[in-house]
Structure formats: C-alpha cells, structure tokens
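Chain and residue survey
Chain residues, written in single-letter form:
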Amino acid sequence: MVFRKLPGVSASGMGLRLSQKFVFLLFLSGLVTLCFGALFFLPDTMRLKRIFLSKNENPAVTVGSDNVLSKKVPGDPEHHRKPSVTHGARTVERSVGSRAQDEWSPAKAHEPAARDERVTSAAQNGQRGSAYSYETFKKCLLKPPLGKNKGTPSDSETLQRREKVKEMMKFAWDNYKRYAWGKNELRPLTKNGHIGNMFGGLRGASIVDSLDTLYIMGLMEEYEEAKEWIQDNLDLNSNGEASLFEVNIRYVGGLLSAYYLTGAEIFKQKVLELGEKLLPAFNTPTGIPRGVINLGSGTSWSWGWASAGSSILAEFGTLHLEFVHLSELSRNPLFTEKVMNIRKLLNKIEKPHGLYPNFLSPVSGNWVQHHVSIGGLGDSFYEYLIKSYLMSDKTDEEAQKMYYSAMEAIEANLVQKSPGGLTYVAEWRGGILDHKMGHLACFSGGMIGIGADDGPAGQKQHYLDLAAEITHTCHESYSPTKLGPEAFRVDAGAEATATRLSDRYYILRPEVIESYMYRWRLTHDPKYREWGWEAEEALEKHCRVEAGFSGIRDVYASTIILFKYLLYCYKDLTDLHHKLSEFHLFFK
C-alpha cells in the first residue's frame, strides 16, 4: 500500500500503531488495491485499527530533523543511531558508524553463523541489535492474518458477494495461468502473455504481485503454485532496463507482503537479493535516485520523457516503506539511509507555496518544473508519508510533519469546490490551476481519512469530512456504466465528467474502490459497500471476457469497445487483482 499509471501508486491504516498495522500497511504497498478487496471481508464489528497487531510498549524511536536517531549512549554523548523499525515486543537499533558496506551481502544475511557473528561483533562494539525473527513477530499479532474464521460475515448477502469476488479472482488467475504463466501479464482478448520492458527482464510480475491476495482470499492451492514458481523460476540475474518504482512496488512490495503473511523464507531470500540490485540507482550527486536502472550493471538514468533529466516525485517518494523493511530484515542500514537522505534533501529545498512539484533534478537537487498533482507523478509520495508515520507506531515525527504540512498546502492551493458543490483536487502548473482530477488522485479520499486522527488539534472532523467529500466526487465521476474515466474535469459547465475523448478510457484502475473501502472501514456506512458492489457488477458486465478482464475505450459509450491491448505495459491483471482484493475486504 500496489499498477498505477506511470509513475502513480496508490493505497492504509487509520490510527493504527506500528504494532497494530504494519502488516496491513505492507500488503497495500505491493498489492495496493487487491488487498483492499480483502479488507472488506473482515467482520463488520472490527474497527480497522484493531485488525492485526497489539500495542507495543517499547521505547519510541523518534526521527530528528537531521534524519538520524538522536539517542545518547552512556559515555558517548555524541553517538547517533539511525531510526529502527519496531516489531512487536522489541525495537532493533543498529549503528551506522563506519561499517563498510562490503561486509554485508544478501547471501550472508541468510547464514545463521554469519548472523551470530555480526550480533556478537555488534555487542562487542557497544551496539544493540538482533536478527529479525518471524516467530517473534507472529506472537505479537492480535489476530491471525486471515482473521477469526477467516472473517466470515454473518449475513448471507455479504457472504454471497464475497464469494463472487473470490470467483472473479480465481477466474482471472486461472486464465493467466492458462495463457500467460510466467509472463508479466495476460492480454485477455488475444489470449497471450506479455513481458514488456518495465521490469528489466524479470518475469512473473503478476505472480509476485498477487501472492498476498491469493493468501488472504484463501486460494491456497493457487498460492502454493505461485510460491513454487518463485522458488524454482524467479531469476533475479537479469540484465535489462527496469523502472525502479515499478520493481519496488511490484516485486519488493509483493515479496515483503508475502513474507510477513506467511514467514516463508524463500520470499525473504529473494527480496533481499533484489533489494541489493536497486541500490546503485541512488548513486547520484544528490542521492535522489534516477528512474531507470539496469539490474545487471547497476547503471541508471532518467526517463527520456522526464523534463530535463529529472526524477519523479511519486517514484523516488515511493520507496520508504519497503526500504525500511529491507533494512530490518537484512540488518543492513544502507536501505534506510538511502530513503532518509531523500527526506533530508526535500526538507532543505524551498517549496513553492509549501507544495512539492513533480519533477526534481537528481544532479542539482532543484525543482525542474512547478507542476503539482496528487494524481499521476505525485500521488504515492503523500501516501507513503502518512503510512510511514503510522507504520512507525506514530514515532516518525518527520513523516508526520511533512505529510500534514503538505496537506495544508494542498488544501490552500489545490482543493476546490465546483459550482454544483463537488469537492475536487485540481492540478497546479506554475501558479495556474488546471481544473482536472485524475482517477489516480481518487485514492486521496482514503488517504486523508486514515490520516485524520493525527493532524493539528481540532482538525480530525475536518479531515474526515474532506475525505468523504472527495470520495463522493469520485463516485459521481463514475458514469452511467458505473465505471470511471481516466480523468475528469470541472469546467465549461462540466461536473466530474471527462470532457476530452482522450480521458474517457478505463483500464481497471482501483483507486476509487480503495477510497470506498477505507470509508467503509472508518464509518461502516453501508452506502460505501453498495458503491463498491455497483462497480463490481459493472466490471462483470462490461469488462469480463472469455479469458479475463479487459479495459474499455469509452465509459460513456452505449456500445462498449474493449482494449485489444491495454495502454500501459503492466495493467491488465495486477490492478484487477488489487481491485478484487479491495472488493474482498469490503465484504469481510
């Protein structure tokens, strides 16, 4: 919390404490929307903040303005340590002193003797720390990952709806297995597999990104097949050009989610090996990673379409959750250092009207264009700030401050009200508003809702109301087909309508359903379940074909035209899985 329009991303936890939600937040990183469906299936009486973990009573870890943990060690008042991730009953602290990076490798991280030797060495140097223990983590769960009785709902209608969503997932998965097994995606109209150029030669993106959805839906046979494929066939020794962002949210997020759900060591093994391959992207004058990396050589560069060789806010800002956990599992602090350095730079540079533009030079560290959006190019940067704060058991005060400062600027400059009373979030281009809101931006109804508890004093209800209003507007954008356009506008008399032909397509995006799901979990207002079910029925009616689910060209057309090939490389199966997972969570 996972496809988004390059480079968007979307997805998680209300006022959950780290102990209480960090697994849930991890789900939504890799499978941002699939997991949403599963949350709907949790018992109606269970508040989101009580889904997973119990309160951790260990000393808090606070991130200071210099991005290091300021904690005095007896006899060494100047000693600083990096912040750590809290898991259950313990907090791991690790020194980042002068330890050479070449002392660590993914292979060594899995050798018990090597682990013991490092722990002993750390103790001799006055450091405290221990290897990550999945069994220790498991003991801290308030409830099993699948919930009591797998969250079986009490009423028959909700149970029927949940089973229907599960059938849709199995239908999509079976066709992927039949026609595209091992490829990155399925093209359902031509019934063939597609690899694409987004993952640098890596295969099986749909398999990795669906692991947690299969598991939480109880599709254990399919989960075991996926696990076996990863064990035997997921080869990380590729030598191609990959999107740092996409590899992180699909592969790293998917493997981390699967590991935390199941404890299967193969997922931990693979994710640590892959994480190492991503580090060279940060070798820039500023430490801001470039968007494209060759997984074999480590060479990196910026996207050709990115203005003046810039890096994208939603790409370099959507690494924090996964990289913190890579440090936790590997005991290698470098992953955390890399993402904390990004924050450090962002806090130092001037922000126009407090806003974060979407393009930043990895060479100079300056903004390249003053284009601001909470949709594509910007979206998941804000999502990761609030989730980092929540995942840290609310100790990451830097993330908290950055998120609420950004929200204040967004409200002051971007949030608008239409003549008809609809609240929407416009885009900002050098001081001029573009009254357009993309489907990707519709995740914000959920994000603002989960962050309502911890904002400025007296603002909780304001944020809850704002979240409800934005979600309502996105629901209004869903056309008579009950599916929404890629973007809608509020101008020339239009109210939440795609006025341009180029914006009328729908490619199985999950963000609107994501906000419905959060609103349901936060309020238990039945209308959100009904809105979700409307969308499910629309998917069945307009998007289901013989070999899966397809996007459509025009959500307003009386005759539906399907996409023979989807607009974006990695869209066909994964966003559908995200959406189905959110549906599943609706009816739990």
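Since this is a predicted model, take the numbers as computed values, not measurements.

Another aspect to go through is the overall build of the chain. Helix and strand counts for the chain stand at 20 helices and 19 strands. The 588 residues of the chain split such that 64% are buried.

Attention now moves to helix H19 (residues 526–543). A rise of 1.5 Å per residue sets the reference length of H19, with its 18 residues, at 26 Å; its end C-alpha atoms lie 25 Å apart and thus fit the reference within 8%. Within the sequence span of H19, burial applies to Tyr 528, Arg 529, Trp 531, Gly 532, Trp 533, Ala 535, Glu 536, Ala 538, Leu 539, His 542 and Cys 543.

So, on to the environment of Leu 186. Take Leu 186: it is sitting in strand S3 (residues 185–187). For Leu 186, a relative accessible area of 1% translates into the label buried. It is 9.6 Å that separates the C-alpha atoms of Leu 186 and Trp 173, two residues lying 13 residues apart in sequence.

This part takes up the sheet that holds strand S8 (residues 311–312). Taken in spatial order, the three strands of this open sheet run S8-S9-S10, and their pairing is antiparallel. Strand pairing shows two members of the sheet lacking a second neighbour, S8 and strand S10 (367–369), which therefore form its edges. Looking at chain direction, S8 and strand S9 (residues 359–360) are connected through two bridges and run antiparallel. What sits directly across from Ser 311, in S9, is Leu 360.

Before going further, it helps to examine the sheet that holds strand S15 (residues 432–434). Two modes of strand pairing occur in sheets, parallel and antiparallel, and in both the strands are linked by backbone hydrogen bonds. Pairing within the open sheet is antiparallel, and its three strands lie in the order S11-S14-S15. One side of each edge strand has no neighbouring strand; the edge strands of this open sheet are strand S11 (371–372) and S15. Pairing between strand S14 (residues 427–429) and S15: three bridges, direction antiparallel. Bridge pairing in S15 links Glu 427 to Asp 434.

With that settled, the discussion passes to the packing of aromatic side chains. All told, the structure shown has 20 aromatic pairs when counted by the stated rule. Between Tyr 528 and Trp 531, the ring centres sit 5.3 Å apart and the planes meet at 80°, which makes this aromatic pair edge-to-face. Here Trp 531 and Tyr 528 lie together in helix H19, a separation of three residues that amounts to about one turn. With respect to class, Tyr 528 is no different from Trp 531; both count as buried. Each member of the aromatic cluster is reached from another via a ring pair, and the members are Tyr 356, Trp 367, Phe 381 and Tyr 382. Above the ring of Phe 171, the side-chain terminus of Arg 544 is found at 3.7 Å from the ring centroid.

Once that is clear, we can look at the UniProt feature "active site" (unreviewed entry) in the chain. The sites that UniProt annotates as "active site" (unreviewed entry) are Glu 246, Asp 379, Glu 486 and Glu 511. Given a relative accessible area of 0%, Asp 379 falls into the buried group. Within the secondary structure, Glu 486 is located in the loop between helix H17 (460–477) and strand S17 (487–489). Given a relative accessible area of 7%, Glu 486 falls into the buried group.

This paragraph deals with the nonpolar core. Membership of the largest hydrophobic core comes to 139 residues, with the highest contact counts inside it found for Ile 230, Phe 267, Leu 346 and Tyr 382. For this core, the leading source of residues is helix H9 (residues 244–262), giving ten residues. When residues no more than four places from it in sequence are discounted, the contact partners of Leu 346 are Phe 316, Lys 351, Tyr 356, Leu 360, Trp 367, Phe 381 and Met 402. Listed in part, the six residues of the second largest apolar core include Leu 321, Val 324, Tyr 384 and Met 391.

Attention now goes to the confidence of the model for the chain. Detailed conclusions should not be drawn from predicted coordinates in areas where pLDDT is low. Overall, the predicted model of the chain reaches an average pLDDT of 81, with 73% of residues at or above 70. Here residues 1–129 is a poorly scored stretch, pLDDT under 50, and it has 450 contacts once near neighbours within four places are set aside; other chains count. In the model, residues 565–573 has pLDDT below 50 throughout and makes 42 contacts with residues more than four positions away in sequence or in other chains.

As a further point, take the packing of helix H6 (residues 156–180) against helix H8 (residues 220–233). The interhelical angle for the contact between H6 and H8, taken along N-to-C directions, is 35°, at an axis separation of 12 Å. Here H6 and H8 pass one another in a crossing that is left-handed. Residues Lys 170, Trp 173, Asp 174 and Lys 177 of H6 form the contact with H8, whose participating residues are Glu 222, Glu 225 and Ala 226. When its residues are assigned to classes, the contact of H6 with H8 shows two nonpolar, no polar and five charged.

Turning next to the packing of H17 against H19. A packed helix pair is summarised by two numbers, namely the angle formed by the two axes and the spacing between the axes. Interhelical geometry of H17 versus H19 gives an angle of 30° and a closest axis separation of 12 Å. Overall, the two elements H17 and H19 adopt an arrangement that is roughly parallel. Seen along the crossing, H17 lies across H19 with a hand that is left-handed. The residues of H19 that touch H17, namely those facing Ala 468, Thr 471, His 472 and His 475, are Tyr 528, Trp 531 and Glu 534. Looking at the contact of H17 with H19 residue by residue, the class counts come to three nonpolar, three polar and one charged.

On to the state of the cysteines. Applying the stated rule across the entire model yields one disulfide. Covalently, Cys 442 is tied to Cys 474 through a disulfide, its sulfur atoms 2.0 Å apart. With the S-S dihedral at roughly -90°, the linkage between Cys 442 and Cys 474 falls on the left-handed side. Of this pair, Cys 442 sits in the loop between strand S16 (436–438) and helix H16 (444–450) while Cys 474 sits in helix H17, and the two are 32 residues apart along the sequence. Comparing Cys 442 with Cys 474 shows no difference in burial state: the two are buried.

Moving on: the side chain of Lys 277. Of note, Lys 277 is situated in helix H10 (residues 265–278). Buried charge Lys 277 goes without a salt bridge, the closest partner of opposite sign being Glu 273 at 5.0 Å. Residues contacting Lys 277, with those up to four places away along its chain left out, are Leu 236, Asn 237, Ile 293 and Leu 295.

Phi at Lys 191 takes a positive value of approximately 55°, unusual for a residue other than glycine. With respect to the element layout, Lys 191 can be found in the loop between S3 and strand S4 (192–194). Since its relative accessible area comes to 28%, Lys 191 is described here as partly exposed. In this structure, Lys 394 is a non-glycine residue whose phi angle is positive, near 60°. Assignment of secondary structure puts Lys 394 in the loop between helix H14 (379–391) and helix H15 (397–413). Among the residues examined, Lys 394 registers a relative accessible area of 22% and is labelled partly exposed.

Calculation criteria
- Residues numbered from 1 in each chain as written.
- Predicted model: local features only at pLDDT ≥ 70, side-chain atom pairs only at ≥ 80, totals over all residues.
- Heavy atoms only, no water.
- Helix = DSSP H or I, 4+ residues; strand = E, 2+ residues; numbered from the N terminus.
- Buried < 20%, exposed > 50% of the residue type's maximum accessible area, 1.4 Å probe, protein only.
- Expected span 1.5 Å × (residues − 1).
- Pairing = 2+ DSSP bridges.
- Phe/Tyr/Trp six-rings, centres within 6.5 Å; stacked < 30°, edge-to-face > 60°.
- Lys NZ or Arg CZ within 6 Å of the ring centre and 35° of its normal.
- UniProt positions renumbered as here; feature names shortened; annotations may be inferred.
- Core = buried A, V, L, I, M, F, W, Y, C linked by side-chain atoms within 4.5 Å.
- Contact = heavy atoms within 4.5 Å.
- pLDDT = per-residue confidence, 0-100.
- Axes fitted to C-alpha atoms, helices over the stretch in contact; angles between N-to-C directions.
- Left-handed = near helix turned anticlockwise from the far one by under 90°.
- Nonpolar A, V, L, I, M, F, W, Y, C, P; charged D, E, K, R; others polar.
- Parallel < 35°, antiparallel > 145°, perpendicular 65-115°, else oblique.
- Disulfide = S-S within 2.5 Å.
- Lys, Arg positive; Asp, Glu negative; His and termini not counted.
- Salt bridge = Lys/Arg side-chain N within 4 Å of Asp/Glu carboxyl O.

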